[in-house]
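One letter stands for each residue in the lines below.
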Amino acid sequence: MDMHPFQGATGLLSRIGDTPLVRIERAVDGMLPEGVELWGKLEGLNPGGSVKDRAALAMVLDAERRGKLHPGGTLLDASSGNTGISLAMIAAARGYRLVLCLPANANGERKALLGIYGAQVVLTDPLAGSDGAILEARALAAKHPDWVYLDQYSNPANWRAHYGSTGPEIWAQTQGRVTHFVAALGTSGTFVGTTRYFRDHHPHVVASEVQPDSPFHGLEGLKHMPSALVPAIYEANLADHHLEADTERAYGMARALAAKDGLHVGPSAAAAVTACVDLAATLDRAVIVTILCDGGGRYLSDHHLWGAA
Ligand SMILES: Cc1ncc(COP(=O)(O)O)c(C=O)c1O
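As the structure is a computational prediction, the values presented were derived from the model and not from experiment.

Scoring rules and cut-offs
- Residues numbered from 1 in each chain as written.
- Predicted model: local features only at pLDDT ≥ 70, side-chain atom pairs only at ≥ 80, totals over all residues.
- Heavy atoms only, no water.
- Buried < 20%, exposed > 50% of the residue type's maximum accessible area, 1.4 Å probe, protein only.
- Helix = DSSP H or I, 4+ residues; strand = E, 2+ residues; numbered from the N terminus.
- Pairing = 2+ DSSP bridges.
- Right-handed = clockwise from strand over helix to strand, strands pointing away.
- Domains from an automatic or database assignment.
- Contact = heavy atoms within 4.5 Å.
- Buried area = accessible area lost by both parts, 1.4 Å probe.
- Salt bridge = Lys/Arg side-chain N within 4 Å of Asp/Glu carboxyl O.
- Axes fitted to C-alpha atoms, helices over the stretch in contact; angles between N-to-C directions.
- Parallel < 35°, antiparallel > 145°, perpendicular 65-115°, else oblique.
- Left-handed = near helix turned anticlockwise from the far one by under 90°.
- Nonpolar A, V, L, I, M, F, W, Y, C, P; charged D, E, K, R; others polar.
- Phe/Tyr/Trp six-rings, centres within 6.5 Å; stacked < 30°, edge-to-face > 60°.

## Let's talk about the pairing of strand β3 (residues 74–78)
Buried residues dominate β3, accounting for five of its five residues. The alternating pattern of β3 places T74, L76 and A78 on one face and L75 and D77 on the opposite face, and all of these are buried. Judged from the five bridges that link them, β3 and strand β4 (residues 97–103) form a sheet pairing that is parallel. Across the sheet, the residue bridging to T74 is R97, located in β4. At this point the chain moves from β3, through helix α2 (residues 82–94), to the parallel β4, and the crossover so formed is right-handed. In terms of strand pairing, β3 meets strand β6 (residues 148–149) through two bridges, oriented parallel.

## A few points about the domain arrangement of the chain
You can read the domains of the chain as domain 1 (11–50 + 166–306) and domain 2 (52–149). Facing 27 residues of domain 1, the contacting portion of domain 2 comprises 20 residues. Carbon and sulfur atoms supply 47% of the area that domain 1 and domain 2 bury against each other, a total of about 1800 Å² over both sides. For the domain 1 face of the interface with domain 2, the top three residues by lost area are L13, L229 and R298, together amounting to 35%. For the pair domain 1 and domain 2, the number of links is five salt bridges. Close ionic contact of R110 with D294 constitutes a salt bridge, the shortest N to O distance being 3.9 Å.

## With respect to the pairing of strand β5 (residues 120–124)
With five bridges joining them, β4 and β5 adopt parallel strand pairing. Counted as the bridge partner of V99 is Q120 from β5. Tracing the backbone out of β4, into helix α3 (residues 108–117) and back to the parallel element β5 gives a crossover that is right-handed.

## Regarding the environment of W171
Counting through the fold element by element, W171 comes out in helix α6 (residues 166–173). In the structure, W171 is positioned 26 residues away from Y197 in sequence and 9.9 Å away in space, judged by C-alpha atoms. The contact partners of W171, leaving out residues within four places of it in the chain, are G176, V178, Y197, F198, H202, H204 and V205.

## Some details on the pattern of salt bridges
Side-chain pairing between opposite charges can occur once the charged atoms of the two side chains come close. Tallied over the full model, the rule gives twelve salt bridges. Between D131 and K223 there is a salt bridge; the shortest N-O distance is 2.9 Å. Here D131 is found in helix α4 (residues 129–143), whereas its partner K223 is found in the loop between β8 (206–212) and β9 (241–245), with 92 residues between them in sequence. K223 shares its class with D131; the two are buried. With a closest N to O distance of 2.9 Å, R249 and D278 form a salt bridge. Separated by 29 residues along the polypeptide, R249 in helix α8 (residues 247–261) and D278 in helix α9 (residues 267–280) bring together distant segments of the chain.

## Some thoughts on the packing of helix α5 (residues 156–164) against helix α7 (residues 189–201)
Contact geometry for α5 and α7: axes closest at 7 Å, N-to-C directions at 50 degrees. Between α5 and α7, the interaxial angle falls into the category oblique. Note that α5 runs across α7; the crossing there is right-handed. On α7, the residues touching N158, W159, H162 and Y163 of α5 are G189, T190, V192, G193, T194, R196, Y197, D200 and H201. For the contact of α5 with α7, the class distribution of residues is four nonpolar, seven polar and two charged.

## Quick word on the packing of aromatic side chains
The tally for this structure, following the rule as stated, stands at five aromatic pairs. Between Y163 and Y197, the aromatic rings sit 6.1 Å apart at their centres with planes inclined by 85 degrees, giving edge-to-face as the arrangement. Within this pair, whereas Y163 is found in helix α5, its partner Y197 is found in helix α7, the two being separated by 34 residues in sequence. Judged by relative accessible area, Y197 falls into the buried class, the value being 8%. Ring centres of F181 and F198 lie 5.9 Å apart, and the angle between their planes is 55 degrees; on these two criteria the pair is classed as tilted. One end of the pair, F181, is in strand β7 (residues 180–184); the other, F198, is in helix α7, with 17 residues separating them in the sequence. By the burial criterion, F181 is buried, and F198 matches it.

Written out as structure tokens, the structure reads:
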């Protein structure tokens with residue numbers, strides 16, 4: 001049997017994964033056919049506050065197992081936010097230094113958290129977005145060969161985290177009832193890893209990926225693949241369906257999820273839920289599971305998202 005991707009995690013880090021799976025009901029009232037159930041994995045309840053705890057932990061443990069990381073060593077990566085926060089938490093807990101390339105327009109909550117965990121942040125051109133941060137991380141990796149460049153966009157440990165944790169958790173938590181899996185794409189690690197788990201173990205599960213419907217979107221953490229640096233771990237032909245999400249509709253869903261189901265989640269989670277509603281319209285009977293990537297607390301200062309209070 002394959003080793004669990006989080007094997008070797010101790011203390012706080014041993015609490016990553018095994019997030020609750022909750023039914024989404026009132027926010028989608030009247031939007032789902034009668035025989036369709038919608039469930040979401042509450043990834044905001046990971047200790048670092050997002051789904052990215054899984055990939056970050058798996059990448060660090062993998063580097064340790066390969067003998068690339070030594071006490072006091074330096075980790076390097078680029079992130080639009082959540083991976084950076086997860087890595088900063090993990091680096092603190094395991095005694096590493098983290099250098100993180102981050103677009104300068106990342107919101108204040110994120111920058112503050114990174115500093116609190118002790119990460120060293122390199123701010124990059126906001127107009128170049130997450131791709132600008134990636135190019136800066138590549139340049140720093142070339143200059144500092146002794147740093148461990150985790151490269152979440154190319155690192156197989158990213159998708160393997162989900163193959164060995166998110167996928168089996170969804171299967172167990174639905175008692176094998178899941179029929180459809182839906183996830184939005186950033187690095188694509190969540191979608192690719194979980195979907196490969198289903199392909200190998202329960203191939204009847206239908207998998208749908210979600211992308212923003214335009215290059216100019218407000219869905220933090222997500223990539224519009226046709227206009228972005230495509231991650232090496234992304235597999236374009238893996239999905240059964242390609243779904244799109246509109247920013248304003250996702251923001252409306254984020255407000256509804258909080259106000260009607262008590263689920264305060266971020267915009268990418270809400271985008272995935274709108275895509276699930278679109279998919280559900282084509283189905284009679286289904287148990288759809290999606291990923292609620294992070295909590296809404298990380299976006300509180302984004303007044304456009306939550307509407308006037
Ligand atoms: C808020 C948010 N949603 C979704 C994603 C996408 O996850 P993945 O990188 O596994 O595709 C990310 C990751 O970067 C994220 O930060």
